[in-house]
Structures are given as C-alpha cells and as structure tokens.
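A closer look at the structure
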Amino acid sequence: MSNKSEKNVAMENIVSLAKRRGFIYPGSDVYGGLSGTWDYGPLGVALKRNIMQLWWKMFVDDRDDMYGVDAAILMNQKVWQASGHVDTFVDPLCEDTVNHRRFRTDHILKDNGINADGLTMGQMDALIEEKGIKSPDGNLLSKSRTFNMMFETYIGSNATVGLESAKERLLTLKKKQDEQGIDFKEAFEELRAAMTTFIEGQASSTVYLRPETAQGIFTNYKNVVDNFYPDLPFGLAQQGKAFRNEISPRDFIFRSREFEQMEIEYFVDPDKWQESFDTLLADVHAFLEALGLPQDHVHELEVPEADRAHYSKRTIDIEYDFPIGKEELLGIAYRTDFDLMNIQNNSGKSMEYTIKGTNTKFVPHVIEPSFGVERAVMAVLSAAYTEDEVNGEKRIVMKFPEHLAPVKYCVSPLLKNKPELVAKAREVYQILKKKHGNVMWDDNGNIGKRYRRQDEIGTPYCVVVDFDSLENNDVTIRDRDTTEQKRVPIAEL
Ligand code: GAP
C-alpha cells in the first residue's frame, strides 16, 4: 500500500461530502432553501452530539466547579435592553444603489483585500469611496447604516389583536367616508388611534430569539447561588440554539442565521480574574486537542480594544486554519461585572455574592469562554478530511478521532447470499450494537466498495464475517487509517 496524504482541503469537497453522505444538508432544500440555515442528517447529528457531549463532559461533568442550565430561548425583552443588544448588537450594512442587494460593509472591504477590524462605519465608507470599491454586481454602494441582528417576533395575542383592531377601525372609517364624505379631522384621529393600537400591541409583546445563550445564564445566576451556594470561582454552562439575522451568511455553516453555542459564564473574585482567565484558556486548548484539531492550525488572537465587544475588558479569539482561511473558532472574554450589574440595576434585585463565613460581599466578575458548535463541527470535518491513495487507488477518508466518529463499527458478511455468514454477522452486529450503540450494517456491493463507503464517513473499524469465522468464532477487523486487517476472536470484540 502506498499512502500519500493531501491536506489542502477545498471547502467544496467538504460541503459536497457532507451532503452526499448525510452529514449536513442546506435548510429547506426541497423548497429551494432558506439562506443561512442548515439541517443535520443522521451522521451530522451524531457527530455534532459527540462534540457537544465531549464538551459537556470536559467542562461540566468532570468538574466540581461547574453547573449546567438550560434556559428558554424566548426571554423577556428587558433582558436584551439591559444587555445592550437592542442598542448595540449591530453590523454595518450597505446597499447596491441599483439592484438594492445588501452587504456587510466590512465583508465588502475584506473581499477587496482590506481588513476593516477596528474601523468606524464612517472610516469604512470613506475607504470604499477612496478606493472606488463597487458592489459585487459592479454598481455604486450606498453609505452604511447599522443593522440590528436580532430576530424579532411577538408573544401572545396582543400584536395580532392590535393589528386586527387597527384594520377594523380603518375599514369602518372608509365605509363612513364612502357614505358621508371625508371629515379630515375625524379621519386623522381615527388613523392615529389605529396606529397607536397597532404599535402598542407590538411593543408590549416584542420578544427576540436569543442571539447568545449567555443571557440565559446570567438571568439564572441568582437562582443557582440561592439553591447551591457554590464557592467562588464557579461556572454556569449552557448549550443551545442562538439566532442572528446575519446580513450575509456564508462559508457553509461558518456563518449561519441559526446555530448552536456552548457557553460558560465563570464567576470570579474581581481581584483574581486573570488567574481564572488563564486556567480557562488552558482548558479550552485541552478541549480543542480532544477534538483532534492539529495544534499548528490553532492560533490565539489578543483582540485589540477597538475590536472588542462593548462588555469586554480582554478578549482572546481562538482562530483556526479553516479551508476558507484563518477565522474565529471561539472566543474567551473577560466580561467584568457588566452583565450582573446591568441585571441588578434594571431588576432592582441584588446580584451580590457573600463569601462564606464572612461579611464580604461583591458582585462577581465573569470570564466567558464561548464556543460555536457549527464552527467546531466545521473544524472537525476539515481536520478529518483526507485524500490519500491505497494500492494505487484514490480514496477519501474522514479521520475522525474514534470518540467523535458518528459510526464506530461497520459489520458485514463477506457474502450476502450465504445465510450462515449473514446469521453469524448479525450476531456480531448485535454484540457490537449493545456495546457501542452506533454500529452500521452494510452488505451492499463488494468488500472493497464497503470499505470505501465507510472510509468516507470515518468509521474507524470494519468487521467482516467470513467462512473462517464460522469455524474459529473470530472476525477480520480493518483499521480505517492504516487499512491493516487482523483477525480477532468475537469474544474479544
Ligand atoms: N456570548 C458571547 C458571544 O456570543 P460571539 O463572539 O458573538 O460571542 C461566540 O459568539 C461564538 O459563537 C463565535 O466564536 C462563533 O463560534 C459562534 N458564532 C457567532 N456567530 C455565528 C454565526 N453566525 N454562525 C455560526 N457560529 C457563530
């Protein structure tokens, strides 16, 4: 066997394999898709869950200082007013002045080789003008404006009732005018009343799909302290969906409108934040290693003040060499007491923590490691994707670490038309299925083709039952990475 490895992975190869082999499909594909949304197929959901469970194990189950929560996605609108998201969770948006397609201004600059990190909207616009940068369709671009990325919706019936009652008022008014002619003063008053009913209905019932899971943690900080009274430092962890109305979702699952986060808010004594920041950063690296990401693809970026989120005094972005380039995989931020103080000020409830056995009280500060699940999935897919040659034949093999592989074993009878082989293979399949859960049965085509199929989905071991198995009660196990085969007694599987 010659074994040549090709590590320059093209994004299209991964996207195509992900769809072809049941990892990730474009969302709502059957109806022409919905931009920025992706669906996980049977293998994708297994991979994603393995990643999320590993995270939960390493950051929650294996530790004494972490507590899990699972907060509602819909939260009181005051949460997002207090957190600053209503006012500041914005991206710069510019528009093609001819066809009105919209773009993120910093992305337009990036696509033209200009790094817009730290630039104000005015500075970005000035650069676009100075360099004569046009829209991707070759037209002039408008000046930028801010665009809030939160998805807004309405809870309960107020908004709809408001709209219906406004419509009713207008219809009555129209009828009256048709019959009696226009009384402008009355029409104006009616219109104003209709608009007020409508706007008030909407305003009182506005909710946002959460753009980060973090706020669901902060709003439960007090509950957990009251119930468990953990020693400082301690952390609350949450995994779950987040939604952002990205102006231009792109690069496969890297920038989606619906995605998952795995976040920790780690509450610390303000004087000791640096210590916890360093420890958590080391824990983050240990997790990335457990994901099987090559260490030389992982980079730390100390985010300069001008580029940090409004709440952060220090942020390190962990960047990864994705096939699309070096981009943010996750971030770790020192959020100070920004969030707890906001909650305290806006809710009137004390967020102070009392050190056990003392009268010392303070509002803890927070270190936040924030992971995006989709970016972790994309990093794992791209790290695993390998093209090599086996016996002169090209193969694609997904070299997932064994603990992340969606399918652990594939079991086959050597020939599917020999009932005695099939029966024995079924026995082996059941044994492995009981032990490992995710085991696949494959009796299609010849053995070589089955191996290729399993290589493509990253199954670490293929087990084949042949005629010798009937005599010796053993099987052949083939290793995905080395393609070596050895015989193993069934009892030792
Ligand atoms: N609570 C802090 C926070 O949400 P963030 O940097 O905005 O910080 C954290 O997001 C992580 O969430 C990012 O590092 C990234 O992994 C992921 N993420 C953010 N926006 C995303 C998007 N549109 N699609 C996929 N993942 C995203």
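Residues numbered from 1 in each chain as written. Predicted model: local features only at pLDDT ≥ 70, side-chain atom pairs only at ≥ 80, totals over all residues. Heavy atoms only, no water.

1. Side note on the site of the ligand
Near the ligand you find 21 residues, and of these Glu 212, Glu 246, Ser 256, Glu 263 and Glu 328 are the closest. Leu 329 places a polar main-chain atom, nitrogen or oxygen, 2.8 Å from an oxygen atom of the ligand. Within the backbone of Gly 372, an N or O atom sits 3.1 Å from an oxygen atom of the ligand. Considering the ligand on its own, with 550 Å² of exposed area, one finds that the protein chains cover 90% of that surface. (Near = heavy atom within 4 Å. Polar contact = N/O pair within 3.5 Å; in protein donor to acceptor, adjacent residues only side chain to side chain. Areas by Shrake-Rupley, 256 points an atom, 1.4 Å probe, with all protein chains shown as cover.)

2. Observations concerning a nonpolar patch on the surface
On the surface, Leu 414, Leu 415, Phe 467 and Leu 470 cluster together to form a nonpolar patch covering roughly 290 Å² of accessible area. In this fold, Leu 415 is placed in the loop between β20 (409-413) and α14 (419-436). Under the relative-accessibility criterion, Leu 415 is labelled partly exposed at 34%. (Patch = residues over 30% accessible without salt bridge, like charges linked within 9 Å, V, L, I, M, F, W, Y side chains within 5 Å. Salt bridge = Lys/Arg side-chain N within 4 Å of Asp/Glu carboxyl O. Helix = DSSP H or I, 4+ residues; strand = E, 2+ residues; numbered from the N terminus. Buried < 20%, exposed > 50% of the residue type's maximum accessible area, 1.4 Å probe, protein only.)

3. Notes on unusual backbone geometry
Along the chain, Leu 232 connects to Pro 233 via a cis peptide bond; the corresponding omega equals -5 degrees. With a phi close to 45 degrees, Tyr 229 is a non-glycine residue in the positive phi region. Examined against the element boundaries, Tyr 229 turns out to sit in the loop between α10 (221-228) and β10 (234-243). You can call Tyr 229 partly exposed: its relative accessible area is 35%. Positive phi outside glycine occurs at Thr 336, with the angle close to 50 degrees. Within the secondary structure, Thr 336 is located in strand β14 (residues 325-336). With a relative accessible area of 12%, Thr 336 lands in the buried category.

4. A few points about empty space enclosed by the protein
In this structure the tally under the stated criterion is 1 cavity of 30 Å³ or more. Quantified by volume, the largest cavity comes out at close to 30 Å³. Those elements giving two or more residues to the lining of the largest cavity turn out to be α11 (273-290), β14 and β17 (365-372). Counted by class, the lining of the largest cavity contains 7 nonpolar, 1 polar and no charged residues. (1 Å grid on protein atoms, 1.4 Å probe; cavity = no way out; pocket = protein on both sides within 12 Å on 5 of 7 lines; lining within 4 Å. Points joined across faces, edges and corners; volume = space filled by probe spheres on them. Nonpolar A, V, L, I, M, F, W, Y, C, P; charged D, E, K, R; others polar.)

5. Some details on the layout of surface pockets
One simple way to see leftover space: roll a probe sized like a water molecule over the atoms. Approximately 310 Å³ is the volume found for the second largest pocket. Lining the second largest pocket are 17 residues, and of these Val 79, Thr 219, Ile 343, Ser 347 and Met 351 lie nearest its centre. Contributions of two or more residues to the lining of the second largest pocket are made by α3 (77-82), α9 (214-218), α10 and α12 (338-347). A breakdown of the residues in the lining of the second largest pocket according to their chemical character gives 5 nonpolar, 8 polar and 4 charged.

6. Overview of the sheet that holds strand β7 (residues 145-148)
By way of backbone hydrogen bonds, the strands of a sheet pair with one another, either parallel or antiparallel. Strands sit in the order β6-β5-β7 across an open sheet of 3 strands; the sheet is antiparallel. In this open sheet, the two edge strands, each paired with only one partner strand, are β6 (102-104) and β7. Direction aside, neighbouring strands of the sheet carry axes that sit 50 degrees apart on average. As paired elements, strand β5 (residues 90-95) and β6 share 3 bridges and run antiparallel to each other. Of the residues in β6, the one forming a bridge with Cys 94 is Phe 103. (Pairing = 2+ DSSP bridges. Axes fitted to C-alpha atoms, helices over the stretch in contact; angles between N-to-C directions.)

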